[in-house]
Amino acid sequence: MNKNRWLIALSAIAIHLSIGGAYAYSVYKLPIVTEMGWSETKVTVAFTIMMGLAGFSAALFGSLVEKMGPRKSAMVAAVLFGAGQAGAGVAISMDSVTLYWLTYGLLSGLGMGIGYIAPVSTLVKWFPDRRGLATGMAVLGFGSGALITAPVAANLMEAVGISTTYFILGASYFTLMILGALYIAPPKPGYMPANMKAAVEKGKGVVKQDLAVMTAREAVKTKHFWMLWSMHLVNVTAGIMMISVASPMAQEIVGLSVAGAAAMVGVMGLFNGGGRLIWAAVSDYIGRSNVFVIFFTAQLITFIVLPHTTNVIIFQALIFLVVSCYGGGFSNLPAFASDLFGTKQLGVIHGYLLTTWSLGGIFGPLLVSTIKNAYGSYIPVFYVFAGLIAISFIISLTLRADVRKRTALKAASQNVGDVSATQ
């Protein structure tokens, strides 16, 4: 059966859209605290478990995902995530915080990690001409999941209660993910879309060669892997820090009203999702290394300027810029990894790189709360992160220079080989 690559992309979006719904957890927080009498801390622990597990499970099960293939992996993710969400409804009905942690936290976290990486490496293989766009489409679905789930969950809880809401959404996520899993499959080796193949045959196009073709074990021994890992860790940490305290920070520094801060947080979601698609699509034209240089240049300027910004509009615009870079980092990560290490074990390599997701989720909020408690102000936070971003900026320049050098050497050696073959 011939597969349509745009339907493959749609299948990946369906999977990511479902697991991205977990980001709407804040909608459940107050209703659960009010109805069940659980503390906010206990409710938040479930989300912390889920997010912590998501990144680490992507790394832990990356090899399994490669062996099982995208279809079976996505089905496993559907079972785990759907059961986790529906199980949260059981936990609410039984008034069990522990069960809530095990379902919404543990099962959903495992399903999220596996579901996140399962379709990405396959999607990259279907779009050899537009890798950035391919990963951007999938990750846009993940970033947009909460935008859809939040209002739906809020209305359902008012209509049918918390438990039933979890049952309905759990079943919906499972169905959507299974439908995506049933269609998704890798292309034949060496696949090229018709327009790309025709251009290459006419000599008007060139098949872009990866810098290397490596296994995951080989990749993690290279400096390129750790440079990319370090850059993404800082990008994620800065983004999650901004997301976690944007509302109170805006109220304290520029005097934004509570309602205005809430509206700003909503718009941040649009920039998070939009940044994933736009920055990834742009990277197909200017290169992934250039995009990361732009990320850190923009964020370095932003974190230096923000403490001195008094204009409400400019302050919000700068925050939106940081959040768009945060989202763009996630969509560029697998595409950049495929450029550097090939697609042979991209799922595993991508999983290893996603440990930055969990670490950033821990360090971002922890750093900002520690600094705020020590100095009684958010201002020092900007300078600490400016320092981290400056280091990442230097790494991004170094990585770009090294990639250019190695690409030139590889092209030169291939030209020599072509000349020898014709003699």
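Residues numbered from 1 in each chain as written. Predicted model: local features only at pLDDT ≥ 70, side-chain atom pairs only at ≥ 80, totals over all residues. Heavy atoms only, no water.

### Observations regarding the overall build of the protein chain
- The helix and strand inventory of the protein chain stands at 17 helices and 0 strands.
- Dimensions of the protein chain along its principal axes, counting C-alpha atoms only, are 80 × 55 × 35 Å.
- Among the 423 residues that make up the protein chain, the fraction classed as buried is 52%.
- A separation threshold of at least 6 residues defines the contact pool for the protein chain, and within that pool the share at least 24 residues apart is 84%. (Helix = DSSP H or I, 4+ residues; strand = E, 2+ residues; numbered from the N terminus. Buried < 20%, exposed > 50% of the residue type's maximum accessible area, 1.4 Å probe, protein only. Contact = heavy atoms within 4.5 Å.)

### Observations concerning the environment of methionine 249
- Position of methionine 249 relative to the elements: it lies in helix 11 (residues 223-254).
- If we skip the residues at most four places from it in the chain, methionine 249 touches Met241, Met242, Phe315, Tyr378 and Phe382.

### Considering the packing of aromatic side chains
- Per the counting criterion, the structure on display carries 24 aromatic pairs.
- Considering the side-chain rings of tyrosine 28 and tyrosine 166, the 4.5 Å spacing of their centres and the 25° angle between planes classify their relative orientation as stacked. Of this pair, tyrosine 28 sits in helix 2 (residues 25-36) while tyrosine 166 is found in helix 8 (residues 162-183), placing the two residues 138 residues apart along the sequence.
- A relative accessible area of 2% means that tyrosine 28 is categorised as buried.
- A relative accessible area of 0% places tyrosine 166 in the buried class.
- Between phenylalanine 225 and phenylalanine 341, the aromatic rings sit 6.5 Å apart at their centres with planes inclined by 50°, giving tilted as the arrangement. Note that phenylalanine 225 is positioned in helix 11 and phenylalanine 341 in helix 14 (residues 312-341), a separation of 116 residues in sequence. Taken individually, phenylalanine 225 and phenylalanine 341 each receive the classification buried, so the pair is uniform in this respect.
- Taken together, the ring pairs connect Tyr28, Trp38, Tyr100, Tyr104 and Tyr166 into an aromatic cluster.
- A cation over a ring is seen here: lysine 3 above tyrosine 183, with NZ or CZ 4.2 Å from the ring centre. (Phe/Tyr/Trp six-rings, centres within 6.5 Å; stacked < 30°, edge-to-face > 60°. Lys NZ or Arg CZ within 6 Å of the ring centre and 35° of its normal.)

### Focus: the nonpolar core
- In this structure, Ile32, Tyr100, Tyr104, Met112 and Phe303 are the most contacted members of the largest nonpolar core, which totals 108 residues.
- At 17 residues, helix 11 tops the list of elements feeding residues into this core.
- Ignoring sequence-local partners within four residues, the contact set of methionine 112 consists of Ile19, Ala22, Met50, Met51, Ala54, Phe81, Phe142 and Trp357.
- Counting 13 residues, the second largest nonpolar core, distinct from the first, contains Ala12, Phe127, Ala138 and Ala281. (Core = buried A, V, L, I, M, F, W, Y, C linked by side-chain atoms within 4.5 Å.)

### Observations regarding the side chain of arginine 276
- One can find arginine 276 in helix 12 (residues 258-286).
- Look at arginine 276: it is buried, it has no salt bridge, and the nearest opposite charge is aspartate 284 at 16 Å.
- Non-local contacts of arginine 276, meaning those with residues more than four positions away in its chain, are made with Tyr116, Gly136, Val139, Leu140, Phe142, Gly143, Tyr326, Gly327, Gly328, Phe330 and Ser331. (Lys, Arg positive; Asp, Glu negative; His and termini not counted. Salt bridge = Lys/Arg side-chain N within 4 Å of Asp/Glu carboxyl O.)

### Considering the pattern of salt bridges
- A full pass over the atoms with the stated rule returns 9 salt bridges.
- As a salt-bridge pair, arginine 5 and aspartate 129 come within 2.9 Å of each other at their nearest N and O atoms. Taken as a pair, arginine 5 in helix 1 (residues 5-20) and aspartate 129 in the loop between helix 6 (120-126) and helix 7 (131-160) lie far apart in primary sequence, 124 residues in all.
- A relative accessible area of 12% means that arginine 5 is categorised as buried.
- Take aspartate 129: its relative accessible area is 26%, and that puts it in the partly exposed class.
- Of the charged contacts in the structure, one is a salt bridge between arginine 406 and aspartate 402, with a shortest N-O distance of 3.3 Å. Taken together, the residues span about one helical turn, with arginine 406 and aspartate 402 both in helix 17 (residues 379-422) at a distance of 4 residues.
- Residue classification places arginine 406 among the partly exposed residues on the basis of a relative accessible area of 40%.

### Description of helix 15 (residues 346-353)
- Within helix 15, 7 of the 8 residues are buried, which leaves the element mostly enclosed by the surrounding structure.
- For helix 15, the full list of buried residues reads Leu346, Gly347, Val348, Ile349, His350, Gly351 and Leu353.

### Considering a nonpolar patch on the surface
- There is a patch of nonpolar side chains on the surface, built from Leu147, Ile148, Val152, Leu270 and Phe271 and spanning about 430 Å² of accessible area.
- Mapped onto the nonpolar patch, the elements with two or more residues apiece are helix 7 and helix 12.
- Looking at the nonpolar patch element by element, the count peaks at 3 residues for helix 7.
- Structurally, phenylalanine 271 is set in helix 12. (Patch = residues over 30% accessible without salt bridge, like charges linked within 9 Å, V, L, I, M, F, W, Y side chains within 5 Å. Areas by Shrake-Rupley, 256 points an atom, 1.4 Å probe, with all protein chains shown as cover.)

### Here we look at the packing of helix 3 (residues 40-60) against helix 5 (residues 97-117)
- Where helix 3 contacts helix 5, the axes come no closer than 7 Å and their chain directions differ by 30°. Here helix 3 lies roughly parallel to helix 5, going by the angle between them. Considering the relative orientation of helix 3 and helix 5, their crossing is right-handed. (Axes fitted to C-alpha atoms, helices over the stretch in contact; angles between N-to-C directions. Parallel < 35°, antiparallel > 145°, perpendicular 65-115°, else oblique. Left-handed = near helix turned anticlockwise from the far one by under 90°.)

### Things to note about the packing of helix 11 against helix 14
- Viewed as axis vectors pointing N to C, helix 11 and helix 14 meet at an angle of 160°, and their least axial separation amounts to 9 Å. In this view, helix 11 runs roughly antiparallel relative to helix 14, as classed from their interaxial angle. Crossing hand, helix 11 versus helix 14: left-handed.
- For the contact of helix 11 with helix 14, the residue count by class is 25 nonpolar, 5 polar and no charged. (Nonpolar A, V, L, I, M, F, W, Y, C, P; charged D, E, K, R; others polar.)

### Section: the environment of leucine 399
- Relative to the helices and strands, leucine 399 is located in helix 17.
- In this structure, the C-alpha to C-alpha distance between leucine 399 and isoleucine 253, residues 146 residues apart in sequence, is 36 Å.
- Apart from the residues lying within four places of it in its own chain, the contact partners of leucine 399 are His224, Met227, Met231 and Phe336.

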